[in-house]
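Next come the chains, spelled out residue by residue.
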Amino acid sequence: MSAPDPTPRPQPARRRAMGQVLIAAYAVFAVSAGARTFSQVVTQFDVAPVAYVLSGVAAAVYLVATVAFRKPGRTWFRVALAACLFEMAGVIGVGLWTTLDPELFARATVWSHFGSGYFFVPLVLPFVGLAWLKHVEPETRPVR
């Protein structure tokens with residue numbers, strides 16, 4: 001009886017491409033949300049501190065997810081999973097919060113109204129990320 005081959009199976013091209021698109025989307029959101037938050041905190045933090053802190057949290061989550069999607073291994077897989085779940089809870093929670101109590105938010109966050117300011121991409125992104133993680137084994141995720 002032969003031992004199982006320890007080398008990871010190659011992924012179908014569809015999964016590799018989807019992973020690259022997902023990583024790019026998260027990277028764009030990390031940079032854009034981070035730059036927006038930095039600018040708002042430096043110039044007008046006193047106007048809407050809650051909104052700007054929440055946008056900063058969103059930017060940090062996007063950055064963590066970007067890095068975790070790129071790194072191989074079970075630990076990074078779990079970090080990516082946690083980031084997607086946190087993001088999903090954040091966009092749904094903040095979306096509801098901004099809809100039910102808009103007076104608290106003098107300015108919009110990345111996740112306000114379920115990401116409507118970003119064409120609802122923040123609402124869709126964690127679901128796409130979770131779907132991709134569901135179909136990709138931790139050891140075979142693309143590293144490129």
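Structure: see above.
Thresholds applied
- Residues numbered from 1 in each chain as written.
- Predicted model: local features only at pLDDT ≥ 70, side-chain atom pairs only at ≥ 80, totals over all residues.
- Heavy atoms only, no water.
- Helix = DSSP H or I, 4+ residues; strand = E, 2+ residues; numbered from the N terminus.
- Buried < 20%, exposed > 50% of the residue type's maximum accessible area, 1.4 Å probe, protein only.
- Contact = heavy atoms within 4.5 Å.
- Areas by Shrake-Rupley, 256 points an atom, 1.4 Å probe, with all protein chains shown as cover.
- Expected span 1.5 Å × (residues − 1).
- Patch = residues over 30% accessible without salt bridge, like charges linked within 9 Å, V, L, I, M, F, W, Y side chains within 5 Å.
- Salt bridge = Lys/Arg side-chain N within 4 Å of Asp/Glu carboxyl O.

Peer 1: Please explain the overall build of the protein as it appears in this structure.
Peer 2: Helix and strand counts for the protein come out as four helices and zero strands. Taken across its 144 residues, the protein has 36% of its residues classed as buried. Here the contacts in the protein between residues at least 6 apart in sequence split such that 72% fall between residues at least 24 apart. Of the roughly 8200 Å² of accessible surface on the protein, a fraction of 71% belongs to carbon and sulfur atoms.

Peer 1: For this particular structure, what's the right way to read the side chain of S55?
Peer 2: The topology assignment puts S55 in helix α2 (residues 49-70). In this structure S55 touches A33, T37, A108, T109 and V110, once residues within four positions along its chain are discounted.

Peer 1: Which parts of the structure should I look at to understand helix α3 (residues 74-100)?
Peer 2: Because an α-helix packs 3.6 residues into every turn, residues spaced three or four apart end up facing the same way. Helix length check: α3, at 27 residues, gives a terminal C-alpha distance of 39 Å against a target of 39 Å (1.5 Å per residue), a fit within 8%. Those residues of α3 that fall on the buried side of the exposure criterion are F77, A80, A83, C84, E87, M88, G90, V91, V94, G95 and T98.

Peer 1: I keep staring at the environment of M88 and nothing clicks. Help me out?
Peer 2: Assignment of secondary structure puts M88 in helix α3. Beyond its immediate sequence surroundings of up to four residues, M88 is in contact with P126, F127 and L130.

Peer 1: Would you mind going over the environment of A25 with me for this structure?
Peer 2: With respect to the element layout, A25 can be found in helix α1 (residues 13-44). Judged by relative accessible area, A25 falls into the partly exposed class, the value being 23%. As a C-alpha pair, A25 and V121 span 96 residues in sequence and 9.3 Å in three-dimensional space.

Peer 1: Please clarify how a nonpolar patch on the surface should be interpreted in this entry.
Peer 2: There is a patch of nonpolar side chains on the surface, built from V41, F45, V53, V57 and F86 and spanning about 390 Å² of accessible area. The residue V41 is located in helix α1 in this model.

Distances and angles like these do not, on their own, reveal function.
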